[in-house]
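# Fold and geometry: a report
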Amino acid sequence: LHTLTGHDETVNAVALSPDGTVVASAGRDQTIRLWTTATGAPMHVITGQQGSVRALAFAPTGLTLVSAGSDHTIRFWDVSTGEPQGAPLVQDNWVEDVAFSPDATAIASASRDGAVRVWRLAETKAQPRVFAGHDDAVRAVAFSPDGSLLASTGDDHSVFLWDVQSGEARHRLTGHGNWVEDVAFSPRGSTVASVSADGTMRLWDAASASCTCVIPLRSMGTSVTWRANAIVVGTRAGILALRILDH
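An account of the accompanying structure is given in this report.

Parameters and conventions
Residues numbered from 1 in each chain as written. Predicted model: local features only at pLDDT ≥ 70, side-chain atom pairs only at ≥ 80, totals over all residues. Heavy atoms only, no water. Helix = DSSP H or I, 4+ residues; strand = E, 2+ residues; numbered from the N terminus. Buried < 20%, exposed > 50% of the residue type's maximum accessible area, 1.4 Å probe, protein only. Contact = heavy atoms within 4.5 Å. Areas by Shrake-Rupley, 256 points an atom, 1.4 Å probe, with all protein chains shown as cover. Lys, Arg positive; Asp, Glu negative; His and termini not counted. Charge placed at Lys NZ, Arg CZ, Asp CG, Glu CD. Polar contact = N/O pair within 3.5 Å; in protein donor to acceptor, adjacent residues only side chain to side chain. Pairing = 2+ DSSP bridges. Axes fitted to C-alpha atoms, helices over the stretch in contact; angles between N-to-C directions. Phe/Tyr/Trp six-rings, centres within 6.5 Å; stacked < 30°, edge-to-face > 60°. Lys NZ or Arg CZ within 6 Å of the ring centre and 35° of its normal.

## A closer look at the overall build of the protein
On a plain count of helices and strands, the protein comes out with zero helices and 23 strands. In terms of overall dimensions, the protein has C-alpha extents of about 45 × 45 × 30 Å along its principal axes. Residue burial in the protein is summarised as follows: out of 247 residues, 53% are buried. A sequence separation of at least 24 residues applies to 36% of the contacts in the protein between residues at least 6 apart. In the structure as shown, the protein presents an accessible area of about 11,300 Å², 50% of it carried by carbon and sulfur atoms. Both charge centroids of the protein, one from 18 positive and one from 25 negative side chains, sit 3 Å from each other.

## Some thoughts on the side chain of T64
Tracing the sequence through the fold places T64 in strand β6 (residues 64-69). Taking the relative accessible area as the measure of exposure, T64 reaches 14% and is therefore buried. Engagement of the side chain of T64 in a polar contact is seen with the side chain of Q85, the distance being 2.9 Å. Ignoring anything within four residues of it in the chain, the contact list for T64 reads A57, F58, A59, F76, W77, V79, Q85 and F100.

## Digging into the sheet that holds β6
Reading across the sheet, the four strands line up as β5-β6-β7-β8 and stay open at both edges, with antiparallel pairing between neighbours. Sheet topology places β5 (53-58) and β8 (89-90) at the edges, where each strand pairs with a single neighbour.

## Concerning the pairing of strand β22 (residues 230-235)
When strand β21 (residues 221-227) meets β22, the two strands line up antiparallel, connected through six bridges. Each residue of the ladder has a partner; that of S223, found in β22, is G234.

## What to know about the sheet that holds strand β18 (residues 191-196)
Spatially, the four strands line up as an open sheet ordered β17-β18-β19-β20, and their pairing is antiparallel. Since the sheet does not close on itself, it has two edges, and those belong to β17 (180-185) and β20 (211-216), each with one partner. This sheet shows a mean twist of 20 degrees between the axes of neighbouring strands, independent of strand direction. Both strand β19 (residues 200-205) and β20 contribute to a ladder of five bridges, which runs antiparallel. What sits directly across from T200, in β20, is P216.

## Here we look at the packing of aromatic side chains
Within the structure shown, the criterion is met by two aromatic pairs. Here F131 and W162 contribute two aromatic rings whose centre-to-centre distance is 5.4 Å and whose plane-to-plane angle is 40 degrees, an arrangement assigned as tilted. On the criterion of sequence distance, the pair formed by F131 in strand β12 (residues 129-132) and W162 in strand β15 (residues 158-163) is long-range, its members being 31 residues apart. When its relative accessible area of 1% is taken as the criterion, F131 is described as buried. Accessibility expressed as a relative area gives 1% for W162, which makes it buried. A ring pair is formed by F160 and W162, whose centres lie 5.0 Å apart and whose planes are at 15 degrees; its orientation type is stacked. One exposure class covers both F160 and W162, and it is buried. Through successive ring pairs, a cluster of aromatic residues spans F131, F160 and W162. It is R112 that lies over the ring of W94; its NZ or CZ is 3.7 Å from the centre.

## A short note on unusual backbone geometry
We note that Q30 has phi near 70 degrees; this positive angle belongs to a residue other than glycine. With respect to the secondary-structure elements, Q30 resides in the loop between β2 (22-27) and β3 (31-36). Unlike most non-glycine residues, A104 shows phi in positive territory, near 65 degrees. Considering the arrangement of structural elements, one finds A104 in the loop between β9 (95-100) and β10 (106-111).

## Thoughts on the environment of L16
Structurally, L16 can be placed in strand β1 (residues 11-16). On a C-alpha basis, the gap between L16 and S101 in space is 16 Å, while along the polypeptide they are 85 residues apart. Every residue in contact with L16, bar those within four places of it in the chain, is listed here: V22, V23, T37 and F58.

## Looking at the environment of Q30
The partly exposed category is assigned to Q30, whose relative accessible area is 35%. Taking the C-alpha atoms as reference points, Q30 and E83, separated by 53 residues in sequence, lie 15 Å from one another. Residues within four places of Q30 in sequence aside, it is in contact with I46, T47, Q49, Q50, G51, S52 and V53. A distance of 3.5 Å separates a polar side-chain atom of Q30 from the backbone nitrogen of G51.

In structure tokens, the structure reads:
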């Protein structure tokens, strides 16, 4: 266990590289820091985001890190050097979350203006496709393992499942009693997990949109990650690990 120190203010986001060798952290101090997981040694301190850094995501290859935040930009960084890659993507409001598609051809962003945007990375000058449906700020986005669906959560207490190809909303999942903080697909893509400020985690069938399980948490849910048949949930009270088979 390593304690990584260096940020001067609140840490807003952390991300682990796909191979588990690098951890990235970012926060209100406008910096991004890369560390080796083996020793906890610092690799790079990245500056360039002009405001609080709200989100981080590694590309599936692990070679690129994407960051986003209050300066309305999405920026790309070379993990090995800490140097920027290409021009930033710019949108009209704070970016609360970002996610790479499984094939690394697209980026999805969650914005405070209530929109979900999908950027095709090969089309450097193209405008993003805007997925409109949320009634309030969007907090989180996640692609399904096959890249066909995109889940988004928001302050409107709902989870949307979008068809990535058409941009149409397949389902709006309702039931949470407060904003929905985070969302994750199961490894097979058949189930969606969402955690909320209402103090619950809900499991949803991705095909039928039915809620299959409501799990009380110790306090408001802040994050959810699904690996193999285990779900790790972050809450204001600590960490809760659950083991659920993905049928």
